[in-house]
Amino acid sequence: MKHRIEKDTLGEVAVPVDKYWGAQTERSKTNFKIGPAASMPAEIIMGFAYLKKAAAYTNCELGILASEKRDAIATVCDEILKGELVDHFPLVIWQTGSGTQSNMNVNEVVANRAQIIKGLCIGEDDAFIKANDDVNKSQSSNDTFPTAMHIASYKMLIEVTIPAIENLKNTLESKAIAFKDVIKIGRTHLMDATPLTLGQEISGYVSQLNHGLKALKNTLPHLSEIALGGTAVGTGLNTPKGYDVLVAKYISDFTGHRFTTAENKFEALAAHDAIVESHGALKQLAVSLNKIGNDIRMLASGPRSGIGELLLPENEPGSSIMPGKVNPTQCEALTMVCAQVMGNDVAITVGGMQGQYELNVFKPMLAYNFLQSAQLLGDACASFDEHCAQGITPNYKRINELVSNSLMLVTALNTKIGYYKAAEIAQTAHKNGTTLKEEAVRLGYVTADDFDEWVKPEDMV
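Overview of the structure.

Calculation rules
- Residues numbered from 1 in each chain as written.
- Predicted model: local features only at pLDDT ≥ 70, side-chain atom pairs only at ≥ 80, totals over all residues.
- Heavy atoms only, no water.
- Helix = DSSP H or I, 4+ residues; strand = E, 2+ residues; numbered from the N terminus.
- Rg over C-alpha atoms; globule rule 2.2 N^0.38 Å.
- Buried < 20%, exposed > 50% of the residue type's maximum accessible area, 1.4 Å probe, protein only.
- Contact = heavy atoms within 4.5 Å.
- Core = buried A, V, L, I, M, F, W, Y, C linked by side-chain atoms within 4.5 Å.
- Phe/Tyr/Trp six-rings, centres within 6.5 Å; stacked < 30°, edge-to-face > 60°.
- Lys NZ or Arg CZ within 6 Å of the ring centre and 35° of its normal.
- Pairing = 2+ DSSP bridges.
- Salt bridge = Lys/Arg side-chain N within 4 Å of Asp/Glu carboxyl O.
- Expected span 1.5 Å × (residues − 1).
- Axes fitted to C-alpha atoms, helices over the stretch in contact; angles between N-to-C directions.
- Parallel < 35°, antiparallel > 145°, perpendicular 65-115°, else oblique.
- Left-handed = near helix turned anticlockwise from the far one by under 90°.
- Nonpolar A, V, L, I, M, F, W, Y, C, P; charged D, E, K, R; others polar.

Within the protein chain, the regular secondary structure consists of 18 helices and 10 strands. In summary, the protein chain has a C-alpha radius of gyration of 30 Å against a globular reference of 23 Å for 461 residues, an excess of more than 25%. Of all 461 residues assigned to the protein chain, the portion counted as buried reaches 49%. The long-range fraction of contacts in the protein chain, counting pairs at least 24 apart against all pairs at least 6 apart in sequence, stands at 72%.

See the structure below:
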């Protein structure tokens, strides 16, 4: 492989001639060979592209960057946003905790690519576009990485996570309405309880998702605040007046989402409470989705030796040895995702605590885990909705069988003959393998007609 020589403040470095990155990227690539599969998320690189383009426009409007340089930077940023330069961002998340090397990776790629577009050579001392002086103008890694992190996280929630969860919620809501008159036996402690309708049971799932979505949406205003303009420690050193507000406006224009400058830049650099807060809402949704997925899996267990109250779509063979077996695979995938999100929340909680004085130094790890959780929850909900929830149907025969056979229907007799006599009926029927009606009449506590009038599942819901 052919190399060219690049320079930084530490000296010369050999860089592959076919790559646009420079010396600082190459040093990081060499010094942090930790989990090469854990590359910096593409969403973060795109977040950088948005903010570098916005910074160029802001710097130009404020009179400190020539329009020719602005246009050159913007052209390369647009290429990044189109996914055309993905091979030029090789760094992993396990690097400096401020994300400095990824910031410089973007600066170098933008500068060197702009040189090529201009018809010039990479590495010239009198370069048309310089990584630090032009692409990074009015910026620091300390305010660019959290800005890229917020852009990426906000876009992921708005464009992927929230729509998918809302679609699943809407599907379950339609099922709750469709099954509102399907009377089934309830269960508490995994044991038989009094009846309810299948629609009522599913309405609980809808309510869980409504609360989770509300909690998540309530975190968006904080997440939409960006640190750009704080530079090194939050004071805004080396930025022109009005830069922070104007650059937020340009980011909003380019992304199509409303971003505002952070009310307090010191908090925006030193703490990432917005990420912790938003991921806490993702964890809440994961807890809800885990309960929903497990409930549906158990209600569909069988087909002949389980509960079997629900029929799920049969998507693929379930066993390599047992012919005809079909498993609740979408439930399993959803609940595995929930487990991953809960694990990620621990990492994010720890990462959020790592703000010493003026800078949090766990930024790449925070971004990686947040984006993974948001993407996984969105994708899993979309998959579960399409391949499971939409096709759920009641097994009416099994539901009726279990309702009529339940001992807990005796609860309807509490107000007629008292708790203790009703308990004696249930316990005797269970011991003798008989029905509630048979034992109630045999014990002389009610007549057959009274039992039929008082013990009606449809009146107990």
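Right, let's get into unusual backbone geometry. Residue Pro 303 is reached from Gly 302 by a cis peptide bond, and omega for that bond is 10°. Within the fold, Pro 303 resides in the loop between α11 (273–299) and β7 (310–311). Even without being glycine, Ser 138 reaches a positive phi, approximately 65°. Among the structural elements, Ser 138 can be located in the loop between α5 (131–135) and α6 (141–178). Even without being a glycine, Thr 231 presents a positive backbone phi close to 50°.

Membership of the largest hydrophobic core comes to 105 residues, with the highest contact counts inside it found for Ile 44, Leu 157, Leu 172 and Ile 296. A per-element tally of this core places α6 first, with 14 residues. When sequence neighbours within four positions are dropped, the list of residues in contact with Ile 44 reads Phe 145, Ala 148, Met 149, Ala 152, Ala 367 and Leu 371. Membership of the second largest hydrophobic core comes to 15 residues, among which are Leu 407, Ala 412, Ile 417 and Ile 425.

This next bit is on the packing of aromatic side chains. In the structure shown here, the tally under the stated rule is six aromatic pairs. With centroids separated by 5.5 Å and ring planes inclined at 45°, the aromatic side chains of Tyr 57 and Tyr 250 adopt a geometry described as tilted. Pair noted here: Tyr 57 is in helix α2 (residues 42–61) and Tyr 250 is in helix α9 (residues 243–255), with a separation of 193 residues, a long-range link. For Tyr 57, a relative accessible area of 23% corresponds to the partly exposed category. Residue class for Tyr 250 comes out buried when judged on its relative accessible area of 14%. Ring pairing ties together the aromatic residues Tyr 57, Tyr 250 and Phe 254, which thus form one cluster. The cationic tip of Arg 70 hangs over the ring face of Tyr 57; the distance from NZ or CZ to the ring centre is 5.0 Å.

Take the pairing of strand β3 (residues 183–188) next. Alignment of β3 against strand β4 (residues 191–197), held across five bridges, turns out to be antiparallel. Within the sheet, the bridge partner assigned to Ile 183 lies in β4 and is Thr 197. Here β3 hands over to β4 after two residues, with His 189 in that stretch at a positive phi of 60°.

Looking now at the pattern of salt bridges. For the structure on display, the rule yields 20 salt bridges. The residue Lys 53 makes a salt bridge to Asp 78 at a minimum N-O spacing of 2.9 Å. Taken together, the residues Lys 53 in helix α2 and Asp 78 in helix α3 (residues 67–81) connect sequence positions 25 residues apart. Assessed through its relative accessible area of 27%, Asp 78 is described here as partly exposed. We note a salt bridge from Arg 398 to Glu 401, for which the minimum N-O separation is 3.0 Å. Taken together, the positions of Arg 398 and Glu 401, both in helix α14 (residues 396–404) and three residues apart, correspond to about one turn of that helix. Note on Arg 398: relative accessible area 22%, which makes it partly exposed. Residue Glu 401 is classed as partly exposed on the basis of its relative accessible area of 42%.

Before going further, it helps to spend a moment on helix α4 (residues 100–117). With 18 residues, α4 should reach 26 Å at 1.5 Å per residue; the first-to-last C-alpha distance of 26 Å fits that figure. Judged by how many residues are buried, α4 sits mostly within the fold: 15 of 18 residues are covered. Phi turns positive, to about 85°, at Gly 119, one or two residues after α4.

Right, let's get into the side chain of Gln 139. Within the element layout of this structure, Gln 139 appears in the loop between α5 and α6. Residue class for Gln 139 comes out buried when judged on its relative accessible area of 9%. Not counting residues up to four positions away in its chain, the partners in contact with Gln 139 are Leu 51, Lys 52, Ala 55, Thr 144, Leu 228, Thr 231 and Tyr 243.

Closest axis-to-axis distance for the α11/helix α12 (residues 329–352) pair is 8 Å, and the angle between their directions is 155°. Accordingly, the angle class assigned to the pair α11 and α12 is roughly antiparallel. The two elements α11 and α12 meet at a crossing, and its hand is left-handed. Here the residues of the contact of α11 with α12 are counted per class, giving 13 nonpolar, eight polar and four charged.

By themselves, these are just geometric observations and shouldn't be taken as functional.
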